[in-house]
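Structural characterization, general
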Amino acid sequence: MAAVSNAGNTLINKLADVIVNPVLKLAFAIAFLAFLWGVFQYVKGADNEEARALGVKHMTWGVVGLAIMVTAKAIVNLIGVTVGVSVF
């Protein structure tokens, strides 16, 4: 029985290393780039109300994306702790 449990833990760790962690890192990077793009648009269009509004919109969605990714990482970690596997 211990061999089956060990194999299950190994499989979960492999899935986390190969799929879950890279996808979360990519999503973090995309959300951060969206935030930075919003900052760039906001600063670049300092004299244009429409450009500033678009920059604020991108910054807002970047922060929302980062919050979602932090939440997703916490949920995956909670599932790992519940199952008994450390995925992060």
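Residues numbered from 1 in each chain as written. Predicted model: local features only at pLDDT ≥ 70, side-chain atom pairs only at ≥ 80, totals over all residues. Heavy atoms only, no water.

**Topic: the overall build of the protein**
As a reminder of what qualifies: Numbering goes from the N terminus for both helices and strands, where a helix is a DSSP run of H or I of at least four residues and a strand is a run of E of at least two. The buried label applies to any residue whose accessible area, calculated with a 1.4 Å probe on protein chains only, is under 20% of its type's maximum; exposed applies above 50%, and partly exposed to all values in between. Note on definitions: a residue-residue contact is assigned when non-hydrogen atoms from the two residues lie within 4.5 Å.
When helices and strands are tallied, the protein shows two helices and zero strands. Classification of the 88 residues of the protein by burial places 17% in the buried group. The contacts in the protein between residues at least 6 apart in sequence include a share of 56% that link residues at least 24 apart.

**Some points on helix α2 (residues 49-83)**
Residues separated by three or four positions in an α-helix point in the same direction, a consequence of the helix having 3.6 residues per turn. The criterion, for reference: What a helix should span is 1.5 Å times the count of its residues minus one. Polar contact is defined as a pair of N or O atoms within 3.5 Å, subject to the rule that within protein one atom must be able to donate a hydrogen and the other to accept it, and that residues adjacent in sequence are counted only when both atoms are side-chain atoms.
Taking 1.5 Å as the rise per residue, α2 with 35 residues should run 51 Å; its terminal C-alpha atoms sit 51 Å apart, in good agreement. Along α2, the positions that sit buried rather than exposed are G55, M59, G62, G65, M69 and G80. Among the residues of α2, the N-terminal cap falls to N48, whose side-chain oxygen and the backbone nitrogen of E50 are separated by 3.1 Å. Following α2 by one or two positions, G84 has its phi on the positive side, about 100 degrees.

**So, a nonpolar patch on the surface**
Note the cut-off: Residues enter a patch when their relative accessible area is above 30% and they make no salt bridge; the linking distance is 9 Å between like charges and 5 Å between nonpolar side chains (Val, Leu, Ile, Met, Phe, Trp, Tyr). Computed by Shrake-Rupley with a 1.4 Å probe, the accessible areas treat only the displayed protein chains as cover when residues are assessed. Note on definitions: salt bridges are taken to be side-chain nitrogens of Lys or Arg within 4 Å of carboxyl oxygens of Asp or Glu.
A contiguous nonpolar surface patch, about 470 Å² in accessible area, is contributed by L11, L15, V18, I19 and V23. Looking at where L11 falls in the secondary structure, it is placed in helix α1 (residues 2-44). Owing to a relative accessible area of 52%, L11 belongs among the exposed residues under this scheme.

**A closer look at the environment of M59**
In this fold, M59 is placed in helix α2. Under the relative-accessibility criterion, M59 is labelled buried at 17%. In the structure, M59 is positioned 26 residues away from L33 in sequence and 9.4 Å away in space, judged by C-alpha atoms. Setting aside chain neighbours within four positions, we find M59 in contact with A34, F35, G38, V39 and Y42.

**Let's talk about the pattern of salt bridges**
A full pass over the atoms with the stated rule returns one salt bridge. With a shortest N-O distance of 2.2 Å, R52 and E49 are connected by a salt bridge. Here the residue R52 and the residue E49 both occupy positions in helix α2, the gap between them amounting to three residues, near one helical turn. Relative accessible area serves as the criterion here: at 26%, R52 is assigned to the partly exposed category. By relative accessible area, E49 is classed as exposed at 52%.

**Details of the environment of I30**
Tracing the chain through its elements places I30 in helix α1. Linking I30 and G65, residues 35 residues apart in sequence, is a C-alpha distance of 8.4 Å.

**Concerning the side chain of Q41**
The topology assignment puts Q41 in helix α1. With residues up to four places along the chain from it excluded, the contact list for Q41 reads A51, L54, G55 and H58.

Everything listed here is a matter of coordinates, which is why it stays silent on function.
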